[in-house]
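# Coordinate inspection notes
Each chain is listed here by its residues.
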Amino acid sequence: MTLSELKIGESAVVTAVGGEGILRRRLLDMGITPKTKLMVRKMAPLGDPIEIRIRGYELTLRKEDAAKITVEKLSESGK
Amino acid sequence: MTFALIGNQNCGKTTLFNQLTGSNQHVGNFPGVTVDKKEGTIKNSGGAVVVDLPGIYSISPYTMEEIVTRDYLLGGEPDGIINIVDATNIERNLYLTLQLLELEMPMVVALNMMDEVAGSGGSIDIQKISAGLGVPVVPISASKNEGVAELVTVALRTVQNNERPKHHDFCKGEVHRAIHSLAHMIEDHAEEKKIPLRFAATKLVEGDEAMMDKLEINQNEREIVQHVADEMEAALGTDREAALADMRYSYIEQICAGAVHKPGDTAEQLRSVQIDRILTHKVFSIPIFLGIMLLVFWLTFGVVGSTLSDLFAAGISLVTNLADEALTRLDVAPMLHALIIDGIFAGVGSVLGFMPTIVTLFFFLSILEDSGYMARVAFVMDKLLRKIGLSGRSFVPMVIGFGCSVPAIMASRTLSSERDRKMTILLTPFMSCSAKLPIYSVFTAAFFPEHGALVMMALYVTGMVVAILVGLLLKGTIFKGNPIPFVMELPAYRLPSAQNVLRHMWEKAKDFVVKAFTIIFVATIIVWVLQNFSTHLSIVTDSSDSILAAIGQVIAPVFAPLGFGDWRAATALITGLMAKETVVSTLAVLMNVGEPAMLVPVLSQLFTPLAAVSFLVFTLLYMPCVAAMAAVRRELGSLRGAAAAMAFQTSVAWVAAFLVYQVGMLLGF
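Residues numbered from 1 in each chain as written. Chains lettered and ligands numbered in written order. Predicted model: local features only at pLDDT ≥ 70, side-chain atom pairs only at ≥ 80, totals over all residues.

Here we take up the interface of chain A and chain B. Between chain A and chain B, the residue contacts involve 30 residues of the former and 30 residues of the latter. Elements that contribute at least two residues to the side of chain A that touches chain B include exactly helix H1 (21-29) and strand S4 (57-61) of chain A. Of the residues assigned to the side of chain A that touches chain B, the class counts are 14 nonpolar, five polar and eleven charged. Here S4(A) pairs with strand S10 (residues 487-489) of chain B via three bridges, running antiparallel. For A:Leu61, the partnering residue across the bridge sits in S10(B) and is B:Val487. (Contact = placed C-beta atoms within 7 Å. Helix = DSSP H or I, 4+ residues; strand = E, 2+ residues; numbered from the N terminus. Nonpolar A, V, L, I, M, F, W, Y, C, P; charged D, E, K, R; others polar. Pairing = 2+ DSSP bridges.)

Shown next, in the form of structure tokens:
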């Protein structure tokens, strides 16, 4: 599944980072690399963008970009 | 001795810069771009200079800030690097550090916000981090001025002793092999171009086109680079950019695992989550944002700003009177006297009258910015502005535009992408500024006394609609292509420091005064001469004989299709370039009625009601006043760009007014 499909409060592990050019580079630079754990913190009032917690800080990105990040959801017990 | 101060955004870099330099600083520009270059002398350092570089997350070749930083670091000017790192967010901050180490320059890491780490029961083993990075690490708290003196001592020492990073080999396996084989190949190129070898090799493995060009490697070598990268990608099962990002983050995780003890989030982070429950709340966030903007507006343009403005105006008129008396006593020629008092003092004085408003506004804006709230505004508003190709950050300058275009355009400086900045600067003047209100009120009183409020509302909405349409047009044409992605950190809320806020206000005020005494000064003199001399260069007694009136007569036919081909309307529009409210005072003079309020009964001699609407639409949209033009020129960094923006806005105004008038005629108004 992709990062944009996660619900608020759910955690996941990044498996692949898609996109290209400047977007992809920015995602990687900001620490969204494979095997990294992240959590969806909230959604903006108008439904987009989303806020995630990764590597101990809060990052916001648009859903269309989040859809390019493949993740594997962690079960609640796996937290 | 020169140091480059570099770090991520929101890591306290500006605070540290202010602590290092005190008041010994000045702002310039990096050559050819509109990125600020702040420079200052470090206190108690024997004259060492520190240059504040833009806040960036990586040295990739994508954004203007990244390119500026990279060119500056490779350009040979700095002798050493001070890298500031946010200790509460150490993993992501060290990502930039690892790239800086590859430059093989003397470097010290300033581990900032250590007070917050300690405050939440955490600890960081400085020795271990330092050993892992191979450079000295100094724990500091920039906001409390703790550890800064020690930082300076260590920084000076690293340069004096030429202490280079002890190692930069963070890689292993396939990445290691790729970097080393390319390093071997490009050794001569790198030496010739004076680019650190390791940095160059890593960038080549990463697929950095700019570095390939810089090294001037030939086609054969390019193929080898591609081949080495392909082999690495095949062996790792991932591509080159991801491989290197992963290499850096893996090394960081390894260093931090043994050195960073973090029991949980810091108090500041926990507090931010709580604050965000309200400020980015599903329902309340937008009303709260509008409320905050309204409050800032009310305080700036209503309470504080207007009190200060009145005081300021009183001060200016006092100085004017003194100068007037002095000139009379000195028996200066009447013409020169009039130029100085009625031209320069009146003109520059009226523009300087904006100053209190600008300073007050930037007081509030820097608080909103430094506290971390602006990032939330971007988060909340992003979806609305995305459709016209902007991001949420542009919302604030646009809103300020309703007050005054000058600070609105100046506020665009904080936007992180050049494209957003340029588009915001182009669109902001379409937000109807408060100086246009006197025009609207005179015209509505004359033509639509029953529906004044409705007409004004319609004008404001027209401005916004035009901005949206023009935004869509620009997005599909000049600003086509990839915008900078909206992938942004939401920093923890922090109390803004008084020093930073005051310094920011001071910089903006200085900026504005410089403008007032250069471009605005010249414009004032020109307009005064045009108004007071006839085409035969003699002083006029009747304003209809002036050069300005002659120009008005020449350009008046341009406005005929808009319904106001009278030279007096054209002349008023020209003087409106000094300040928009001048449009009505000029009309009053040209119609021989003294006061603008007296225009109400006589305006129908010049305009039909439809032509009045068309005139209002033109006034709403045409090029901004000279103070705003000066701001546009400054922020775009080019006179040609500013001129093009003005021509563009005036064309938009002409087309809009033309449509209003012609369609109105067809409909029988």
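Back to the text.
Our next topic: the confidence of the model for chain B. Predicted confidence across chain B gives a mean pLDDT of 89, with 99% of residues reaching 70 or more. Model confidence for the complex is summarised by a pTM of 0.86, with the ipTM given as 0.94. (pLDDT = per-residue confidence, 0-100.)

In this section: the domain arrangement of chain B. Accessible area lost during the coming together of the parts is what is often quoted as the interface size. Residue and element names in this part refer to chain B. Taken domain by domain, chain B consists of domain 1 (2-160) and domain 2 (173-261). Its C-alpha centre places domain 1 at a distance of 24 Å from the equivalent point of domain 2. The interface of domain 1 with domain 2 comprises 18 residues on the first partner and 18 residues on the second. When residues in the side of domain 1 that touches domain 2 are grouped by element, the largest group, five residues, is from helix H3 (residues 90-101). By residue class, the composition of the side of domain 1 that touches domain 2 is nine nonpolar, four polar and five charged. (Domains from an automatic or database assignment.)

Our next topic: the sheet that holds strand S5 (residues 69-73) of chain A. Taken together, the six strands give an open sheet; going across it, the order is S5(A)-S1(A)-S2(A)-S3(A)-S4(A)-S10(B), and neighbouring strands pair in antiparallel fashion. On the outer flanks of this sheet lie S5 of chain A together with S10 of chain B, each paired with one strand and no other. The average angle at which neighbouring strand axes cross in this sheet is 40 degrees, direction not considered. (Axes fitted to C-alpha atoms, helices over the stretch in contact; angles between N-to-C directions.)

Glancing now at helix H14 (residues 334-352) of chain B. Two residues of an α-helix separated by three or four positions point the same way, owing to the 3.6 residues in each turn. Residue and element names in this part refer to chain B. In this model H14 runs 25 Å from its N-terminal to its C-terminal C-alpha over 19 residues, within 8% of the 27 Å that 1.5 Å per residue would give. Taken as a whole, H14 carries its principal kink of about 30 degrees at phenylalanine 345. Buried within H14 are the following residues: Gly343, Phe345, Gly347, Val351 and Leu352. Each element contacted by the buried residues of H14 is listed here: helix H13 (285-330), helix H15 (355-371), helix H22 (498-517), helix H23 (519-532) and helix H28 (626-636). (Expected span 1.5 Å × (residues − 1). Bend = angle between axes of the 7 residues up to and from the residue. Buried ≥ 20, exposed ≤ 12 C-beta atoms within 10 Å, placed from the backbone.)

Residue and element names in this part refer to chain B. For the pair H22 and H23, interaxial distance at closest approach is 3 Å and the crossing angle is 30 degrees. Taken together, the axis directions place H22 and H23 in an arrangement best described as roughly parallel. Across the interface between the two elements, Lys515, Ala516 and Phe517 from H22 touch Ile519, Ile520 and Phe521 from H23. Looking at the contact of H22 with H23 residue by residue, the classes come out as five nonpolar, no polar and one charged. (Parallel < 35°, antiparallel > 145°, perpendicular 65-115°, else oblique.)

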